[in-house]
Structures are given as C-alpha cells and as structure tokens.
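One letter stands for each residue in the lines below.
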Amino acid sequence: MSRRKFICGNWKMHKTASEAVQLVRELRQKLDGTGAQVAVAPPFTALAAVKQALQGSAIQLFGQNCHHEKQGAFTGEVSAPMLKDVGCDGVILGHSERRQYFGETDDQVAKKVRAVLAEALHPIVCVGETLQEREAGRTWEVVSRQVRGALGGLDAAALQRITLAYEPVWAIGTGRTATTAQAQEVHAQIRGLLRELGGAQVAQAVRIQYGGSVKPDNAADLLSQPDVDGALVGGASLKSSDFAAIVTAAR
Ligand code: 13P
C-alpha cells in the first residue's frame with residue numbers, strides 16, 4: 001500500500017497572469033518531476049496562460065472553485081466543462097473560504113463534486129473545523145458532517161477519484177499549524193469514514209491532504225504521518241523556493 005503524495009498550491013486571489021507565468025517558470029526549474037504529484041491552482045484569469053507555461057511539464061493545473069451547472073445565467077461563475085476546456089486536471093471544492101465568505105453549503109459542495117467528476121476532472125474536497133468548533137470539542141462532528149455531505153451517495157469508483165483536504169480553519173493563514181498528532185488524528189478518522197462509505201479499498205486508495213500553514217520547515221513532519229498523503233498549500237505556494245522545498249519534503 002502506498003499512496004503517492006500529492007502537493008497542491010492554492011494561490012487563492014493572488015497573481016496576475018504574467019506573475020503566474022513567472023512563478024510557474026521558476027517552479028519548472030526547481031522541480032524535477034519525480035516524487036510527489038504536484039498541482040497549482042491559480043485564479044481563473046491566469047489558467048490559460050499557466051496552462052501554456054506548463055506545456056511538457058508533469059505539474060497539473062487546478063481550478064479553485066466551479067459552479068455545479070454546466071452553463072446558464074449565473075453571473076460571475078465558471079463551470080466544470082469550462083475548466084476542463086481551458087486545460088484543468090482538477091478543481092478545489094468546498095474550501096473554507098468559500099464556505100465562510102460565500103456561504104457555500106455541504107449540499108452545494110456535493111453538487112459541485114458530481115459536476116467535476118462528470119467532466120472526468122479530479123476534485124480536491126476541503127473540510128475542516130473552526131477554532132470555536134475545535135474548542136467546543138466538535139471537530140469530528142463538523143468534519144464528518146462535511147465529508148458525508150460532500151461524498152455521501154457516491155459509489156466506490158467515484159470515491160476513488162477524489163482527494164480530500166483536511167484544513168482546520170484556525171490553521172489557515174495564521175502561522176498556527178496543527179500539530180502532527182492533531183492532523184494525524186483527524187486524517188485517521190476521515191480514513192475510517194471513507195471505509196464506511198466506500199469499503200477498505202477506497203479507504204486505502206484515497207489521499208487526504210493536510211492544509212493550514214504548511215511551510216518548508218514543518219512539511220516533512222506533517223507528511224511523515226501515516227494518514228497524511230500530501231498538502232494543500234496556500235501562502236507558501238506563492239514563493240517558488242518554499243513550494244519546491246515542500247514538494248521535496250514529500251519524498
Ligand atoms: P495557508 O497555507 O496560507 O495557511 O493556506 C492554507 C489553505 O487554505 C490552502 O488551501
């Protein structure tokens with residue numbers, strides 16, 4: 001059993017198209033294509049330029065969100081077929097910033113997961129509790145509700161095509177990383193739930209990334225945990241040397 005580590009950079013609302021191309025050029029120089037699966041998720045406006053800059057590279061291209069409908073009167077939204085058309089390999093879904101600032105619900109995330117799978121794209125489904133929820137002892141209640149909400153009802157074949165990202169909200173952009181034990185505990189619980197939802201093979205195969213202040217100096221420790229299969233990296237993915245160091249730590 002070995003799950004290939006998967007490191008994705010979530011650039012959030014950073015980088016113009018030309019800045020994004022520059023960052024990708026640097027990454028291509030620093031990464032040799034061996035070891036972990038690597039993806040970058042630039043803002044929509046940079047996807048086409050980054051796709052071109054990635055030609056011939058093993059680095060994958062991800063969107064940061066999409067609408068669940070294929071097309072329609074949804075001003076400001078982008079669909080899964082559009083992301084596929086521009087050359088995306090996958091899409092980040094249900095990020096806590098989407099849930100917090102844009103009111104995304106478990107139900108909407110579930111619809112998006114299905115829309116992304118229907119385009120044969122790879123969803124990264126984000127889950128995680130707030131500080132208040134952790135302090136109230138409700139971490140697993142919240143995380144399990146989010147996992148069930150997004151993935152409930154999918155068959156084993158669909159579940160195997162998904163990556164999960166455990167991102168405790170209190171660790172995002174705060175410099176406050178979950179301890180390796182805190183991360184491993186929730187990751188193991190999620191894997192147990194995957195077993196319940198899809199069986200042993202699904203639980204064995206599905207990768208669970210950790211996200212929340214992953215940096216070059218804590219990545220190796222986090223990634224050494226048995227159920228931590230990669231990282232979803234925010235701030236540190238905007239600097240090529242930091243992101244490359246995290247990818248190297250995944251070896
Ligand atoms: P930071 O790495 O900046 O804490 O962000 C984590 C994150 O939200 C990745 O999706």
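The structure we're discussing is the one just above.
All values reported here derive from a predicted model rather than from experimental measurement.

A. Quick peek at the overall build of the protein. Summing up its helical and strand segments, the protein has twelve helices and eight strands in all. Projecting the C-alpha coordinates of the protein onto the three principal axes gives extents of approximately 45 × 45 × 35 Å. Classification of the 251 residues of the protein by burial places 53% in the buried group. Sequence separation of 24 or more characterises 72% of the internal contacts of the protein that already satisfy a separation of 6 or more. By element, 49% of the accessible surface of the protein is carried by carbon and sulfur atoms, the whole surface being about 10900 Å². Separation of charge centres in the protein, based on 28 positive and 25 negative side chains, amounts to 4 Å.

B. Focus on the pairing of strand E2 (residues 37-41). A large share of E2 lies buried, amounting to five of its five residues. Burial of the side chains of E2 extends over both faces: Gln37, Ala39 and Ala41 are buried on one face and Val38 and Val40 on the other. In this structure, strand E1 (residues 6-10) lies alongside E2, joined through five bridges in parallel fashion. Residue pairing for E2: cysteine 8 is matched across the bridge by alanine 39. Handedness of the crossover joining E1 and E2 through helix H1 (residues 17-30): right-handed. Two elements, E2 and strand E3 (residues 60-63), share two bridges in a ladder whose sense is parallel. Following the sheet pairing, valine 40 is matched in E3 by leucine 61. For the crossover from E2 across helix H2 (residues 47-53) to E3, the handedness is right-handed.

C. Region of interest: the sheet that holds E3. The parallel closed barrel is built from eight strands, whose spatial order is E1-E2-E3-E4-E5-E6-E7-E8. Pairs of neighbouring strands in the sheet enclose a mean axial angle of 25 degrees, with direction left out of account. When strand E7 (residues 208-211) meets strand E8 (residues 230-233), the two strands line up parallel, connected through two bridges. Counted as the bridge partner of glycine 211 is leucine 232 from E8.

Procedures and definitions
- Residues numbered from 1 in each chain as written.
- Predicted model: local features only at pLDDT ≥ 70, side-chain atom pairs only at ≥ 80, totals over all residues.
- Heavy atoms only, no water.
- Helix = DSSP H or I, 4+ residues; strand = E, 2+ residues; numbered from the N terminus.
- Buried < 20%, exposed > 50% of the residue type's maximum accessible area, 1.4 Å probe, protein only.
- Contact = heavy atoms within 4.5 Å.
- Areas by Shrake-Rupley, 256 points an atom, 1.4 Å probe, with all protein chains shown as cover.
- Lys, Arg positive; Asp, Glu negative; His and termini not counted.
- Charge placed at Lys NZ, Arg CZ, Asp CG, Glu CD.
- Pairing = 2+ DSSP bridges.
- Right-handed = clockwise from strand over helix to strand, strands pointing away.
- Axes fitted to C-alpha atoms, helices over the stretch in contact; angles between N-to-C directions.

Shape is all these values report; function is a separate question.
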